Amino acid sequence: MKPELTMADVKGSISDGPVVLTQMTTAPEQKKRNTKKYLIIGGSAVLVIAIVLTAILVGMYLFTEGQKNLLKYTLNVDKNTKQDATVDEKDNSIEYHSVTKDYELWVIDDFNKDIQTMKVKTGSGTNCYIGPLNRTSLADPATIKALSNIPTDVNSNYTSRLGYDVSGTPVADSSFLGKKARDACKGTSVYWLYPRCEDKSDGLQRSKRCRIVYHPCYLRYCIVNGRYLRVCRVCPWTRYC
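Just so it is clear, the structure is predicted and the values come from calculations on it, not from any experiment.

## A word on the overall build of the chain
Across its full length, the chain holds 4 helices and 11 strands. Expressed as a percentage of its 241 residues, the buried residues of the chain come to 31%. The contacts in the chain between residues at least 6 apart in sequence include a share of 54% that link residues at least 24 apart. When the accessible surface of the chain is totalled, it reaches about 16600 Å², and 55% of it is carbon and sulfur.

Listed below in structure tokens is the structure:
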């Protein structure tokens, strides 16, 4: 027979455990929280977009300003071969670049560092060579920019053969070079060039330990008779001993 429960038993069972009160969130409060969350997300997105657009605009401005200081010419080596010349007045440098089926050549004249950098890429590899910049007959960026008539065709009367001795070991630290030269020679061996007095390499290979390497000719701007800007041909060679 089941025992009967009295009201005292029922009240005791109800009052034994803790009473937990929960407060229900009303619809207006929930909507207010959602609105605040969406405002934070929207504000963050707008901030990110503003930063990206600012970076793009600054980059475009710097690029445009940089292009204003560049003068680009195409020099005519012959009917089938062209060579690019980029005159950078701000950087005070001139870069020559030519490509053929056998080689690719960069020559950078840095008038701030007074260093000439030559990068030669052939099927056998890529090397950089650096040496003193001889200003005797060279046209700097300011001189070229000041002229209204810039020649682009090479004059066959102005051809020079420049000889150099090459340092036996690569340069350990080339950080002293200008930015253009450092970027061009990044990851390649860099050698010092020591100018020779002779204009020709005939008879210089006297020792079996020495060898002569003829590098591709290239065009460059030069000053003739102290005042005339011409396109000259330079044909460098190097001696390794």
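Picking up where we left off.
## Here's the deal with unusual backbone geometry
For Asn-92, which is not glycine, the phi torsion reads 55° and is therefore positive. Relative to the helices and strands, Asn-92 is located in the loop between strand E2 (82–88) and strand E3 (93–99). At Asp-114, a position not held by glycine, the phi torsion is positive, near 55°. Note on placement: Asp-114 falls in the loop between strand E4 (104–110) and strand E5 (115–122).

## So, the packing of aromatic side chains
Two descriptors summarise a pair of aromatic rings, namely the distance from one centre to the other and the angle between the planes of the rings. Enumeration over the complete set of coordinates arrives at 3 aromatic pairs. Centroid distance Phe-176 to Trp-192: 5.9 Å. Interplanar angle 5°. Geometry classified as stacked. Placement of the pair is Phe-176 in the loop between strand E7 (159–166) and helix H4 (179–184) and Trp-192 in strand E8 (residues 189–195), with a sequence separation of 16 residues. On the basis of relative accessible area, Trp-192 is assigned to the partly exposed category, the value being 28%. Cation over ring: Lys-119 sits above Trp-106, and NZ or CZ is 4.7 Å from the ring centre. When the ring centre of Tyr-240 is taken as reference, the NZ or CZ atom of Arg-211 above it lies at 4.4 Å.

## With respect to the nonpolar core
Residues Tyr-129, Ile-144 and Tyr-221 are the most contacted members of the largest nonpolar core, which totals 31 residues. Ignoring any residue separated from it by four or fewer positions in sequence, one finds Tyr-221 in contact with Tyr-73, Leu-75, Ala-85, Tyr-96, Leu-138, Ala-139, Ile-144, Ile-150, Pro-151, Leu-229, Arg-230 and Val-231.

## Description of the environment of Thr-100
Position of Thr-100 among the secondary structure elements: in the loop between E3 and E4. Classification of Thr-100 as partly exposed rests on a relative accessible area of 26%. Measuring from C-alpha to C-alpha, the distance between Thr-100 and Pro-216 comes to 9.7 Å, with 116 residues separating the pair along the chain. Looking at Thr-100, its side chain comes within polar contact range of the main-chain nitrogen of Asp-102, at 3.2 Å.

## Concerning the pattern of salt bridges
Going through the model one piece at a time under the given rule, you end up with 7 salt bridges. Across the pair Glu-89 and Lys-145 runs a salt bridge whose closest N-O atoms are separated by 2.7 Å. Placement of the pair is Glu-89 in the loop between E2 and E3 and Lys-145 in helix H3 (residues 141–146), with a sequence separation of 56 residues. Owing to a relative accessible area of 39%, Lys-145 belongs among the partly exposed residues under this scheme. We note a salt bridge from Arg-239 to Asp-165, for which the minimum N-O separation is 3.0 Å. Placement of Arg-239 in strand E11 (residues 228–240) and of Asp-165 in strand E7 is noted, with a sequence separation of 74 residues between them. Beyond isolated ion pairs, a larger network of salt bridges with shared partners links Asp-88, Asp-91 and Lys-180.

Conventions used here
- Residues numbered from 1 in each chain as written.
- Predicted model: local features only at pLDDT ≥ 70, side-chain atom pairs only at ≥ 80, totals over all residues.
- Heavy atoms only, no water.
- Helix = DSSP H or I, 4+ residues; strand = E, 2+ residues; numbered from the N terminus.
- Buried < 20%, exposed > 50% of the residue type's maximum accessible area, 1.4 Å probe, protein only.
- Contact = heavy atoms within 4.5 Å.
- Areas by Shrake-Rupley, 256 points an atom, 1.4 Å probe, with all protein chains shown as cover.
- Phe/Tyr/Trp six-rings, centres within 6.5 Å; stacked < 30°, edge-to-face > 60°.
- Lys NZ or Arg CZ within 6 Å of the ring centre and 35° of its normal.
- Core = buried A, V, L, I, M, F, W, Y, C linked by side-chain atoms within 4.5 Å.
- Polar contact = N/O pair within 3.5 Å; in protein donor to acceptor, adjacent residues only side chain to side chain.
- Salt bridge = Lys/Arg side-chain N within 4 Å of Asp/Glu carboxyl O.

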